[in-house]
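Here are the chains, one letter per residue:
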Amino acid sequence: MLKKIAVLTSGGDAPGMNACIRAVVRAGVSKGIEVFGVMRGYEGLIDGELKSMALRSVSNIITAGGTIIKTSRSERFLTKEGRKKAIENLDKYKIDGLIVIGGNGSFTGAHILQQEWQGMVVGVPGTIDNDLSGTDYTLGADTAVNTALGAMDKIRDTVHSMERIFVVEVMGRQDGFIAIRTGLAGGAEDILVPDNDYRIDDICEDIKKGRKKGKVSWIVVVAEGVASAEEIAKLIHENTDFEVRHVTLGHVQRGGSPTAFDRILGSRFGAAAVEALINGQKDKAIGIESDQIVLTDFTKACQHSPKKMVLDRELYRLTKLLAT
Ligand code: F6P
């Protein structure tokens, strides 16, 4: 019988994490389970920063970005000694199940913890990058795309008015999810993403041909994992002689109030994670596929999704077709 569970957020914060924490607390308490919040991710687990969360402790947080229990990227959790301390704290508080909300690195840590601790560990995919398998969407990705798109729409006004070429850099170290969606939805002329070879010569040829045909403005979206906006802008300028401006959207993409999509996803994920623990599931991540909640082993969830790569290529080709 599950009596006590804990929840932590780890890695880069993502909009929708608070909606998920709220769901974990409220779904847990409604089943007679005591829910603890671990402060600052795995760091707080190592330092024993656990606090009991009552129903009202999560009031008014569904609208908020970030995470009320804070997060970190923990170097200490990568060590056996760090994890030993974390396990001592889990046992001290008599925790039966732990819910880890985070991305790739957080799930890897959760999987290792599961091998060393007798309790149950379940993950919730929370990262703006949407770079995990076993789920069509991760928490925060939809909000990040909408935030980047809002900025790009504003950039488009000046790009068009001044007939310029602009390079917009969005987040995504290993994945082009934000770049491709922002690019397609924002009417970009080109998108550079980590798993798609690009040739700067081809982009410049396109720009030159476009200018001859009367196309006056141009937006290229680049994912941070490819190159900086500044580098790409410099190359385009050197190869075309046209004036080029650049902007890096950076961490604004991680903040802000979550979209309805991410609030609903966070609520579903949180309740499903509690349900999974009640059902004795462990070493698995919650996900959503074709709008249904699914569970995937941590080891598989951490891998790149071939399904998503196929979709990304399709959306990229559509962007290029529509940008003529
Ligand atoms: O959380 C994912 C992410 O936002 C990536 O898109 C980005 O590369 C990275 O985190 C930035 O990490 P940090 O906030 O530690 O600089």
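Numbers given to residues run from 1 along each chain, matching the order in which its sequence is written. Reporting of local features is limited, given that this is a predicted model, to residues whose pLDDT is at least 70; pairs of side-chain atoms are given and counted only at 80 or more, and all residues count toward the totals for whole chains, interfaces and linings. Here the side-chain values reflect all heavy atoms present in the structure, with hydrogen atoms and water set aside.

What counts is decided by this rule: UniProt positions are given in the numbering used here, feature names are shortened, and annotations may be inferred rather than shown by experiment.
For the chain, an unreviewed UniProt entry supplies the name ATP-dependent 6-phosphofructokinase and the organism Candidatus Taenaricola geysiri. Annotation of the chain in UniProt includes, under Subcellular location (unreviewed entry), the sentence "Cytoplasm". On record in UniProt, under Catalytic activity (unreviewed entry), the comment for the chain is "beta-D-fructose 6-phosphate + ATP = beta-D-fructose 1,6-bisphosphate + ADP + H(+)".

**Points about the environment of Tyr-42**
Applicable threshold: A helix here means a DSSP run of H or I that spans at least four residues, while a strand means a run of E at least two residues long, and both kinds are numbered starting from the N terminus. By definition in these notes, contact holds between two residues if any of their heavy atoms fall within 4.5 Å.
If you trace the backbone, Tyr-42 turns up in helix 2 (residues 41-47). Between the C-alpha atom of Tyr-42 and that of Arg-76, which follows or precedes it by 34 residues, the distance is 8.3 Å. Sequence-distant contacts of Tyr-42, that is, excluding residues within four places in its chain, are made with Leu-8, Ser-10, Ser-72, Ser-74, Phe-77, Val-100, Ser-106, Gly-109 and Ala-110.

**Here we look at the UniProt feature "binding site: ATP" (unreviewed entry) in the chain**
We count it as follows: Classification of residues uses two cut-offs on accessible area relative to the type maximum, computed with a 1.4 Å probe and protein chains only: under 20% is buried, over 50% is exposed, and between them is partly exposed. Under this definition, polar contacts are N or O atom pairs within 3.5 Å; protein pairs additionally need one hydrogen-donor-capable and one acceptor-capable atom, and for neighbouring residues in sequence, both atoms have to be side-chain atoms.
The positions that UniProt labels "binding site: ATP" (unreviewed entry) are, in the present scheme, Gly-12, Arg-73, Ser-74, Gly-103, Asn-104, Gly-105 and Ser-106. In summary, the annotated positions, though distributed over 95 residues, converge in three dimensions, the widest C-alpha pair being only 13.1 Å. With respect to the element layout, Ser-74 can be found in the loop between strand 3 (50-52) and helix 3 (80-92). Under the relative-accessibility criterion, Ser-74 is labelled buried at 13%. With near-sequence residues (within four places) excluded, Ser-74 lies in contact with Tyr-42, Glu-43 and Ile-46. Reaching out from Ser-74, the side chain makes a polar contact with the backbone nitrogen of Arg-76 at a distance of 3.5 Å. Position of Gly-105 relative to the elements: it lies in helix 4 (residues 104-116). With a relative accessible area of 56%, Gly-105 lands in the exposed category.

**Focus on the domain arrangement of the chain**
Short version of the rule: Note that domain bounds follow an automatic or database assignment of domains. Once two parts are put together, the accessible area they lose, assessed with a 1.4 Å probe and summed over both, is termed the buried area. Counted as salt bridges are all cases of a side-chain nitrogen of Lys or Arg within 4 Å of a carboxyl oxygen of Asp or Glu.
Here the chain is partitioned into domain 1 (4-140 + 258-303) and domain 2 (144-254). One C-alpha centre belongs to domain 1, the other to domain 2; they are set 35 Å apart. For domain 1, the biggest contributors to the area lost against domain 2 are Asp-13, Ile-128 and Asp-129; these three give 48% of the whole. Summed over the shared surface of domain 1 and domain 2, the result is 1 salt bridge. Ionic pairing is found between Arg-254 and Asp-13, a salt bridge with its closest N-O pair at 3.5 Å.

**Here's the deal with the UniProt feature "active site" (unreviewed entry) in the chain**
Within this numbering scheme, the UniProt entry marks Asp-129 as carrying the feature "active site" (unreviewed entry). Following the sequence through the fold, Asp-129 ends up in the loop between strand 5 (120-125) and helix 5 (141-161). Judged by relative accessible area, Asp-129 falls into the buried class, the value being 14%. Among all residues touching Asp-129, those that are not within four sequence positions of it are Gly-172, Arg-173, Asp-175, Phe-177 and Ile-178.

**Brief notes about unusual backbone geometry**
Positive phi, normally seen in glycine, also occurs at Asn-60, with a value near 60°. Take Asn-60: it is sitting in the loop between strand 3 and helix 3. Among the residues examined, Asn-60 registers a relative accessible area of 75% and is labelled exposed.

**Details of the pattern of salt bridges**
Enumeration according to the criterion identifies 22 salt bridges in this entry. For Asp-201, the salt bridge identified is with Arg-199, shortest N-O distance 3.7 Å. Between Glu-289 and Lys-307 there is a salt bridge whose closest N-O contact spans 4.0 Å. Taken as a pair, Glu-289 in strand 10 (residues 284-289) and Lys-307 in helix 11 (residues 306-322) lie far apart in primary sequence, 18 residues in all.

**Observations concerning the sheet that holds strand 8 (residues 218-223)**
By definition, the strands of a sheet pair up through backbone hydrogen bonds, in either a parallel or an antiparallel sense. Cut-off, in case you're wondering: Only strands that DSSP links by at least two bridges are regarded as paired with each other. Note on method: axes are straight lines fitted to C-alpha atoms, helices fitted across the in-contact stretch only, with angles between N-to-C directions ranging 0 to 180 degrees.
Ordered by their spatial adjacency, 4 strands build an open sheet running 7-8-6-9, and the pairing between neighbours is parallel. In this open sheet, the two edge strands, each paired with only one partner strand, are strand 7 (190-192) and strand 9 (244-248). Direction aside, the axes of adjacent strands within the sheet are offset by 20° on average. By the bridge criterion, 6 bridges tie strand 6 (residues 165-170) to strand 8 in an arrangement that is parallel. When the sheet's bridge partners are listed, Phe-166 is paired in strand 8 with Ile-219. The strands touched by helix 6 (residues 177-185) are strand 6, strand 7 and strand 8; relative to strand 7, the strand with the most contacts, the crossing angle is about 175°. Sheet contacts for helix 7 (residues 200-212): strand 6, strand 7 and strand 8; angle to strand 8, the most-contacted strand, approximately 165°.

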